[in-house]
Amino acid sequence: MAEVGEIIEGCRLPVLRRNQDNEDEWPLAEILSVKDISGRKLFYVHYIDFNKRLDEWVTHERLDLKKIQFPKKEAKTPTKNGLPGSRPGSPEREVRKTLDLSLQPASAQASGKTLPIPVQITLRFNLPKEREAIPGGEPDQPLSSSSCLQPNHRSTKRKVEVVSPATPVPSETAPASVFPQNGAARRAMAAQPGRKRKSNCLGTDEDSQDSSDGIPSAPRMTGSLVSDRSHDDIVTRMKNIECIELGRHRLKPWYFSPYPQELTTLPVLYLCEFCLKYGRSLKCLQRHLTKCDLRHPPGNEIYRKGTISFFEIDGRKNKSYSQNLCLLAKCFLDHKTLYYDTDPFLFYVMTEYDCKGFHIVGYFSKEKESTEDYNVACILTLPPYQRRGYGKLLIEFSYELSKVEGKTGTPEKPLSDLGLLSYRSYWSQTILEILMGLKSESGERPQITINEISEITSIKKEDVISTLQYLNLINYYKGQYILTLSEDIVDGHERAMLKRLLRIDSKCLHFTPKDWSKRGKW
């Protein structure tokens, strides 16, 4: 058995922790750092296959030293001409390097590859009065919608149908859907012409969601919070802030955030809840509050209903607040890297009002000009307000802005694990609400297309299709695509909507979209 003094960074061994059921378990963990406080060693551990927000400092009593795995020694780098550190060159590598510098990316047509043609599908929505099996009669003339789908050969009893004659898409060209189910991605969407598959630079499942059109999304390299894991080293893998006091709440950060180094040794970091400036001590905060006139976020209040308000903040006009907001958000967002270029961004901060002022609940940011129809760049509900419906309210508000702008939108990928769950739930409830609200006219079956669903909800068409696939509503029946709702889906949706008490009222929104392309540098 190894001794405590032999434990070094990189070792793996079982570590004792309590799970959600308050039971002891021994998951495998990696030692990221070791420190000595008053002669007592502490070890910072990351639980393998667990989210990084569970990382913590532990004592040696919680380590199972009998099953320790020491890190493997790295092989020495081969030498070239006797000089250490230089790798031996090869003719093939030199030729490839020359080609990379001289050649431009070829188009799909030039490369000689045959790309699949998008399928023209037509969907008809059929809502019979009673819950019956799908009738076998021929459908009436359906409405048309253009999308790419792969047939799902399954015959099941349903109460609702959408019928569409179409040609099956070859399965070998279909990339994985954005929604995995039962641990495996469901392949249902065909690749679109002219689109190239992008490489995914992220390794973990929870941080590597595909884009909504089935193609992995490459990280965007501009903006205030950028998804780029090249910064991942031992320092940024460890939480550096012990505790944050924000108004009446004390928050325990989940991840690293680049606050000034001198603040990372403090037991508590104090933030002004109105301007988000940080201080070393309670006395510093109290002195600041005597000078701070803000009782709400800077910017324009564009929505108020009851105690809920939304403020629109320009990242260029209110740079200090925007940067402080990003620093706070980084404590709870692991899949982003923080930069200080907030000029191209708008921030929408949701607050709760009481007699003391407007207290921040959460926020989302969006690019002023997005070439890829992103209506959200980063989104966060602060931990004290999570699991209370505020996350869906933020998402609903982002799509309400898209409706006013007359656009369809989608969140920037990759989403965090909690963000993906919230978006899945919102998309499902919104689309099912549309489908179940359809009424028949003059005795005929009601009809709707995917394009119409997208226009009504402002949800991007690819996200609509992915959600229908995730809910397993699209099937292939007698040579036609049908969209069906089961009793379980309907009952589950009705129960979920009863719990969803917070909704956005479009009448309370006072928002005029701006054309940022005509404003020079924002």
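Residues numbered from 1 in each chain as written. Predicted model: local features only at pLDDT ≥ 70, side-chain atom pairs only at ≥ 80, totals over all residues. Heavy atoms only, no water.

Basically, it comes down to this: UniProt positions are given in the numbering used here, feature names are shortened, and annotations may be inferred rather than shown by experiment.
In the nomenclature of an unreviewed UniProt entry, the protein chain corresponds to Histone acetyltransferase KAT5 from the organism Sapajus apella. The UniProt entry for the protein chain carries this comment under Sequence similarities (unreviewed entry): "Belongs to the MYST (SAS/MOZ) family."

Topic: empty space enclosed by the protein
Applicable threshold: Using a grid of 1 Å spacing that covers the protein atoms alone, one calls a set of points a cavity when a 1.4 Å probe fits there but cannot get out, and a pocket when the set is open and has protein on both sides within 12 Å along at least five of seven lines; lining residues are those with an atom within 4 Å of a point. Grid points are joined across faces, edges and corners, and a volume is the space filled by probe spheres set on the points. The way it works is that DSSP assigns letters per residue, a run of H or I at least four long becomes a helix, a run of E at least two long becomes a strand, and they are numbered from the N terminus. Gly is put with the polar residues, along with every residue not named as nonpolar or charged; the nonpolar set is Ala, Val, Leu, Ile, Met, Phe, Trp, Tyr, Cys and Pro, and the charged set is Asp, Glu, Lys and Arg.
Taken as a whole, this structure holds four cavities of 30 Å³ or more when the rule is applied. Here the largest cavity is characterised by a volume of approximately 70 Å³. Going through the elements one at a time, β15 (249-251) and β22 (357-367) are the ones with two or more residues in the lining of the largest cavity. Per-class residue counts for the lining of the largest cavity are six nonpolar, three polar and two charged.

Some details on the UniProt feature "active site" (unreviewed entry) in the protein chain
Note the cut-off: Relative accessibility thresholds used throughout: buried, under 20% of the residue-type maximum; exposed, over 50%; partly exposed, between the two (1.4 Å probe, protein chains only).
This chain's UniProt record puts "active site" (unreviewed entry) on Glu412. Along the polypeptide, glutamate 412 turns up in the loop between β25 (410-411) and α5 (417-436). A relative accessible area of 3% places glutamate 412 in the buried class.

Examining the packing of α5 against helix α7 (residues 461-470)
For clarity, the cut-off: Angles run from 0 to 180 degrees between N-to-C directions of axes, and those axes are lines fitted to C-alpha atoms, restricted for helices to the stretch in contact. In what follows, roughly perpendicular refers to angles from 65 to 115 degrees, roughly parallel to angles under 35, roughly antiparallel to angles over 145, and oblique to any angle outside these ranges. Contact definition: two residues touch when any of their heavy atoms are within 4.5 Å.
α7 packs onto α5 with a crossing angle of 90° between their chain directions and a minimal axis gap of 10 Å. Judged by the inter-axis angle, α5 sits roughly perpendicular to α7. When α5 is examined against α7, the residues Arg424, Trp427, Ser428, Ile431 and Leu435 are found in contact with a partner set consisting of Asp463, Val464, Thr467, Leu468 and Tyr470. Taken together, the residues that form the contact of α5 with α7 break down as six nonpolar, two polar and two charged.

Observations regarding the sheet that holds strand β18 (residues 300-305)
Keep this limit in mind: Two strands are counted as paired when DSSP detects at least two bridges linking them.
Strand order in the open sheet formed by five strands is β18-β19-β21-β22-β24, and the pairing between neighbours is antiparallel. The open sheet has two free edges, formed respectively by β18 and β24 (378-381), since each of these has just one partner strand. Here the strands of the sheet are splayed against their neighbours by 20° on average, with no regard to which way each runs. Its contacts with the sheet place helix α4 (residues 390-405) against β18, β19 (308-314), β21 (345-354), β22 and β24, and it is angled at close to 55° to β22.

Comments concerning the nonpolar core
Where we set the bar: Here the nonpolar core consists of buried residues drawn from Ala, Val, Leu, Ile, Met, Phe, Trp, Tyr and Cys, with membership extended through side-chain atoms lying within 4.5 Å.
Of all hydrophobic cores here, the largest spans 79 residues; its most connected members are Phe310, Leu328 and Phe397. Look past the residues within four positions of phenylalanine 397 in its chain and what remains in contact with it is Ile302, Tyr303, Phe310, Tyr348, Phe364, Ile504 and Leu509.

Observations regarding the sheet that holds strand β14 (residues 244-246)
Here we have four strands laid out as an open sheet, ordered β15-β14-β16-β17, and mixed in their pairing. In the strand order of this sheet, the two ends are held by β15 and β17 (278-279), each with one partner. Direction of pairing for β14 relative to strand β16 (residues 269-271): parallel, over a ladder of three bridges. Across the sheet, the residue bridging to glutamate 245 is tyrosine 270, located in β16.

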